[in-house]
Amino acid sequence: MKIFFSILLTAILTNNYILSKFLGICPFLGVSKKLNTAVGMSAAVIFVMMLASAVTYPLNTFLENHDLGYLQTIVFILVIAALVQLVEIVLKKYIPALYASLGIYLPLITTNCAVLGVTILNIDSGYSFAHAMINSLGAGLGFMVAMVMFAGVRSRLESCQVPKFLQGLPITLIAASLTSLSFLGFTGLVENMFA
Amino acid sequence: MAKQKTLREEFTKGIIKENPVLRLVLGTCPTLATTTSMESAIGMGISAAIVLVCSNIVISALRKVIPQKVRIPCYIVVIAAFVTIVQMLVKAFVPSLDEQLGVYLPLIVVNCIILGRAEAFAGKNSVVASAVDGLGMGIGFTVALIVISAVRELFGAGSLLGHALLPFPAMTIFVLAPGGFFVFGLVMACANKLAEMGGGKKAELGGCKACPMADTCQKLAKGDACEKEGKETVES
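What you see is a predicted model; the values in this text were computed from it and never measured.

Reading the values: rules and limits
- Residues numbered from 1 in each chain as written.
- Chains lettered and ligands numbered in written order.
- Predicted model: local features only at pLDDT ≥ 70, side-chain atom pairs only at ≥ 80, totals over all residues.
- Heavy atoms only, no water.
- Helix = DSSP H or I, 4+ residues; strand = E, 2+ residues; numbered from the N terminus.
- Rg over C-alpha atoms; globule rule 2.2 N^0.38 Å.
- Buried < 20%, exposed > 50% of the residue type's maximum accessible area, 1.4 Å probe, protein only.
- Contact = heavy atoms within 4.5 Å.
- Areas by Shrake-Rupley, 256 points an atom, 1.4 Å probe, with all protein chains shown as cover.
- Lys, Arg positive; Asp, Glu negative; His and termini not counted.
- Salt bridge = Lys/Arg side-chain N within 4 Å of Asp/Glu carboxyl O.
- Patch = residues over 30% accessible without salt bridge, like charges linked within 9 Å, V, L, I, M, F, W, Y side chains within 5 Å.
- Buried area = accessible area lost by both parts, 1.4 Å probe.
- Polar contact = N/O pair within 3.5 Å; in protein donor to acceptor, adjacent residues only side chain to side chain.
- Nonpolar A, V, L, I, M, F, W, Y, C, P; charged D, E, K, R; others polar.
- Disulfide = S-S within 2.5 Å.

> Help me understand the overall build of chain A in this model?
Along the backbone of chain A there are 10 helices and zero strands. Listing every helix and strand of chain A by position from the N terminus yields α-α-α-α-α-α-α-α-α-α. Rg of the C-alpha trace for chain A: 18 Å, near the compact-globule value of 16 Å for 195 residues, within the 12% margin. When the 195 residues of chain A are sorted by exposure, 52% land in the buried category. Of the contacts made within chain A by residues no fewer than 6 positions apart, 78% connect residues no fewer than 24 positions apart.

> Explanation requested: the overall build of chain B in the structure shown.
The helix and strand inventory of chain B stands at 11 helices and two strands. Order of helices (α) and strands (β) in chain B, N terminus to C terminus: α-α-α-α-α-α-α-β-β-α-α-α-α. Taking all 236 residues of chain B together, 55% fall into the buried category. For chain B, long-range pairs separated by at least 24 residues make up 73% of all intrachain contacts whose partners lie at least 6 apart in sequence. Total accessible area computed for chain B in this model is approximately 10600 Å², and 69% of it derives from carbon and sulfur atoms.

> Mind showing me how you'd approach the side chain of B:D98 here?
All names here are of chain B. Among the secondary structure elements, D98 is positioned in helix α5 (residues 95–101). Despite being buried, D98 has no salt bridge partner; K91 is the closest side chain of opposite charge, sitting 4.6 Å away. Setting aside residues no more than four positions away along its own chain, D98 makes contact with V90, K91 and L105.

> I keep staring at a nonpolar patch on the surface and nothing clicks. Help me out?
Among the surface-exposed residues, A:L178, A:L181, B:F168, B:M171, B:I173 and B:L176 lie close enough to one another that they form a single nonpolar patch of about 510 Å² accessible area. Looking at where B:L176 falls in the secondary structure, it is placed in the loop between β2 (163–164) and α8 (177–197). Look at B:L176 and you get partly exposed, because its relative accessible area is 35%.

> Explain the interface of chain B and chain A here, please?
Interface size is commonly expressed as the accessible area that is lost once the parts come together. Contacts between the two partners involve 47 residues from chain B and, on the opposite side, 47 residues from chain A. Each partner contributes to the roughly 4200 Å² buried at the junction of chain B and chain A, and carbon and sulfur atoms together form 77% of this total. Put simply, chain B and chain A have one salt bridge between them. One salt bridge connects A:K164 with B:E196, and the closest N-O pair in it is separated by 3.7 Å. For the interface between chain B and chain A, the tally reads three residue pairs in polar contact (both at pLDDT 80 or more). Of all the secondary structure elements, the ones that give two or more residues to the side of chain B that touches chain A are α2 (28–33), α4 (71–93), α6 (112–122), α8, α10 (214–220) and α11 (225–235) of chain B. Element by element, the count of residues in the side of chain B that touches chain A is highest for α8(B), at 11 residues. Its residues assigned to classes, the side of chain B that touches chain A comprises 33 nonpolar, seven polar and seven charged.

> Explanation requested: the state of the cysteines in the structure shown.
Note: disulfide means a covalent bond formed between the sulfur atoms of two cysteine side chains. Taken as a whole and judged by the stated rule, the model has zero disulfides over all chains. A:C113 takes part in no disulfide bond, and the closest cysteine sulfur to it belongs to B:C29, at a distance of 3.1 Å.

> Sorry if this is basic, but what is going on with unusual backbone geometry here?
Residue and element names in this part refer to chain A. Positioned with a positive phi, F22 is a non-glycine residue whose angle comes to about 55°. By secondary structure assignment, the location of F22 is in the loop between α1 (2–14) and α2 (25–30). Positive phi outside glycine occurs at D67, with the angle close to 65°. With respect to the helices, strands and loops of the structure, D67 is situated in the loop between α3 (35–65) and α4 (72–94).

Everything listed here is a matter of geometry and, on its own, says nothing about what the molecule does.
Put into structure tokens, the structure is as follows:
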């Protein structure tokens, strides 16, 4: 049980996928301008991450059993792309309410490196299936925490007087740097909590 | 293809005028993640450039065969194939680089520069032009990575390419995550300044223009992210 919390908190706080592993920076900078889009995007990411991990994990075992481990990258990205399409179709047909709120973000997720990243890292870290699922959940929640926090930072940033040469993207990146700095404060937290 | 740019222009635009990292703001994830040392930055730049050139050539050669509707999945398959090849080569010949790049090596598949160029250029242009475009963009990507990593390694580890240079203690924060965002922001500010002096315009998160998902983004435009991006571009 302890290990579940440890994996979960590590993925959310100390090894946040956006702020310390730099996975999924594009949506982090692109879709974080408004709080509701940030939440919608993150919800879709959590959903797809969990689903993608659940599908790719057994698939990887299959590949390795047949000595096809080198196909990992190509199989994973295709599975994720197909999965996203499938989810979109299924949601549209059967759960229109959910589709209305998440559907728009789904195609953007295919090329989100956080999703492919989490599936590959699950394998590389040698997690069991349950641990891999927890890690994906943590990664998704961490994504959401970072997105929501940063949406708040950006809304404050808009009313600030920024030096001319930093206006636009540079100041956004520096704000991201400070957000990331605040997450450095969590270093060692999980290790000590479960020591 | 009557008024096509010369090959030379296609080549140089990727390095300066349309630098994928500093002007088009694509491929930010590997830019931030692999610039902790110059060595890994160069490795990443070259690996991505190889994939970019090869996939541009193949996609351009297949552009009349691939049906319009399923082009993105087709592009992804081509790119993933080349990424796998590069992955195998790196693992076999430069295992230390493989260790440094780790998960970011397979993640070249989802590097938006590569899919972006496939969508914006290779799918519409001749094989030779696409190869040259890929080479220019690849070199532009590598150059941007080298600049950022030079700053980060110099201040963060006090060395360049592993040779100790700095007389005072290094500031480790530069090689950690916050330093990555910070240096990228400053380099971007400098690039903006240079572009301004050269008569160009500022780099924006031109997601909609440059990214391969532009169509979807347009749908988002109704009161969402991209509309805001658009507004920002107009304002500045």
